[in-house]
Amino acid sequence: MKTASRTRAWVALLLGLLGVLALPAALEVSRRSPRVDLLDTAYAIPFAFVLGLAGAIMARRARGTLRWLDLSERGTRLATLAVVVGTVAVCIALTAALAVGFYELVLFYQRHR
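Residues numbered from 1 in each chain as written. Predicted model: local features only at pLDDT ≥ 70, side-chain atom pairs only at ≥ 80, totals over all residues. Heavy atoms only, no water.

Participant: Give a detailed account of the nonpolar core, specifying residues and quantitative values.
Facilitator: Ala 9, Ala 12, Leu 13, Val 20, Ala 59, Ala 62, Leu 78, Ala 79, Ala 82, Val 83, Val 85 and Ala 89 form the largest nonpolar core, which has 12 residues in total. Listing elements by their share of this core, those giving two or more residues are helix H1 (2-32), helix H2 (44-69) and helix H3 (77-111). Ranked by the residues each element gives to this core, the list is headed by H3, at six residues. Not counting the four nearest positions on each side in its chain, Ala 59 is found in contact with Ala 12, Ala 79, Ala 82 and Val 83. Counting nine residues, the second-largest nonpolar core is a separate cluster that includes Ala 26, Ala 44, Ile 45 and Ala 93. (Core = buried A, V, L, I, M, F, W, Y, C linked by side-chain atoms within 4.5 Å. Buried < 20%, exposed > 50% of the residue type's maximum accessible area, 1.4 Å probe, protein only. Helix = DSSP H or I, 4+ residues; strand = E, 2+ residues; numbered from the N terminus. Contact = heavy atoms within 4.5 Å.)

Right, here's the structure in full:
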């Protein structure tokens, strides 16, 4: 059971890292590709959000299981780190969504003035 929870914590950390790196990777693709515009990278926002949320939830479950099984609090550092990384990925995705939303609002206001 401990091994499964530690594996779950590693997978959660990987999901959180993928969520954090999804938007910078999309920005780099838009910078290097003439076919992808900067605003097209907004399609990576839900991907980053879902990966971060899944990582954070998975890590919280793993941390809870590890705490329940091991009373000395050992082995929960990785799960705690995965929760933090997943939460950062969710925050980055929400911030990017707000930025794109406000940009579209400004464009809408300029067109209908």
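Participant: Go over a nonpolar patch on the surface with me, naming the residues and quoting the values.
Facilitator: A cluster of nonpolar side chains, contributed by Val 84, Val 88 and Ile 92, occupies part of the molecular surface with about 210 Å² of accessible area. Note on placement: Ile 92 falls in helix H3. (Patch = residues over 30% accessible without salt bridge, like charges linked within 9 Å, V, L, I, M, F, W, Y side chains within 5 Å. Areas by Shrake-Rupley, 256 points an atom, 1.4 Å probe, with all protein chains shown as cover. Salt bridge = Lys/Arg side-chain N within 4 Å of Asp/Glu carboxyl O.)

Participant: Report on H2, specifying residues and quantitative values.
Facilitator: The end-to-end C-alpha distance of H2 is 37 Å, a good match for the 38 Å that 26 residues give at a rise of 1.5 Å each. Buried within H2 we find Ala 44, Ile 45, Ala 48, Leu 51, Gly 52, Gly 55, Ala 56, Ala 59, Ala 62, Arg 63, Thr 65 and Leu 66. (Expected span 1.5 Å × (residues − 1).)

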